[in-house]
Every structure is written in structure tokens, then in C-alpha cells.
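# Secondary and tertiary structure notes
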Amino acid sequence: MKHLTPVTKSQVAPAGQWQDLICVFAQVFNAILGFFGGASPLLLYIDDKCYIPTPNDNV
């Protein structure tokens, strides 16, 4: 399978500082809302998109 090598060797581009800030804000705000028993669907979606699984994750 020749196409497998180029796909697995590609690196994920690092996030910019503003992207990291958005992810951290979403995680912190979700934790605060969860502590009080609430949730924000938009922030949960953003927090979910901040996690990029690696090929070795068995999720």
C-alpha cells in the first residue's frame, strides 16, 4: 500500500497563539459551567474540535 506512507508521515500543523487561546478559554469556561451544573453546546463543540487524535490513539 504505497499511499499509506505519505499519509502517516505528515505532521499536524501547529496552532497559532490565538487558536490556543480559544481552546484554553473553551476548556476553562466549560469546566466552570460544568462545576455549576451547566453546559454550553457551542463551547463543547469548540472544545471537541481542539482535540486532534494522533494515529497511535486507540479511541
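For the structure itself, consult the block above.
Summarised in this report is the structure supplied together with it. (Residues numbered from 1 in each chain as written. Predicted model: local features only at pLDDT ≥ 70, side-chain atom pairs only at ≥ 80, totals over all residues. Heavy atoms only, no water.)

## Describing a nonpolar patch on the surface
On the surface, Val-24, Val-28, Ile-32, Phe-35 and Phe-36 cluster together into a nonpolar patch covering about 560 Å² of accessible area. The exposed category is assigned to Phe-35, whose relative accessible area is 69%. (Patch = residues over 30% accessible without salt bridge, like charges linked within 9 Å, V, L, I, M, F, W, Y side chains within 5 Å. Areas by Shrake-Rupley, 256 points an atom, 1.4 Å probe, with all protein chains shown as cover. Salt bridge = Lys/Arg side-chain N within 4 Å of Asp/Glu carboxyl O. Buried < 20%, exposed > 50% of the residue type's maximum accessible area, 1.4 Å probe, protein only.)

## Comments concerning the packing of helix α2 (residues 17-35) against helix α3 (residues 41-50)
Orientation of α2 relative to α3, taken along the N-to-C sense of each, is 130°, at an axis distance of 9 Å. With respect to each other, α2 and α3 are oriented oblique. At the point where α2 passes α3, the crossing takes the left-handed sense. Every residue of α3 that contacts α2 at Ile-22, Cys-23, Phe-25, Ala-26, Gln-27, Phe-29 and Asn-30 is listed here: Leu-43, Leu-44, Ile-46, Asp-47 and Cys-50. Of the residues contributing to the contact of α2 with α3, the split by class is 9 nonpolar, 2 polar and 1 charged. (Axes fitted to C-alpha atoms, helices over the stretch in contact; angles between N-to-C directions. Helix = DSSP H or I, 4+ residues; strand = E, 2+ residues; numbered from the N terminus. Parallel < 35°, antiparallel > 145°, perpendicular 65-115°, else oblique. Left-handed = near helix turned anticlockwise from the far one by under 90°. Contact = heavy atoms within 4.5 Å. Nonpolar A, V, L, I, M, F, W, Y, C, P; charged D, E, K, R; others polar.)

## Details of the packing of aromatic side chains
For the coordinates displayed, the defined rule picks out 2 aromatic pairs. Where Phe-25 meets Phe-29, the ring centres are 5.6 Å apart and the plane angle is 15°; that geometry is what we call stacked. Of the two residues, Phe-25 and Phe-29 are both situated in helix α2; the distance of 4 residues between them amounts to about one turn of the helix. The class for Phe-29 is partly exposed, based on a relative accessible area of 35%. Each ring, one from Phe-35 and one from Phe-36, has its centre 5.2 Å from the other, and the planes form 80°; the classification is edge-to-face. In terms of burial, Phe-35 and Phe-36 fall into one category: exposed. (Phe/Tyr/Trp six-rings, centres within 6.5 Å; stacked < 30°, edge-to-face > 60°.)

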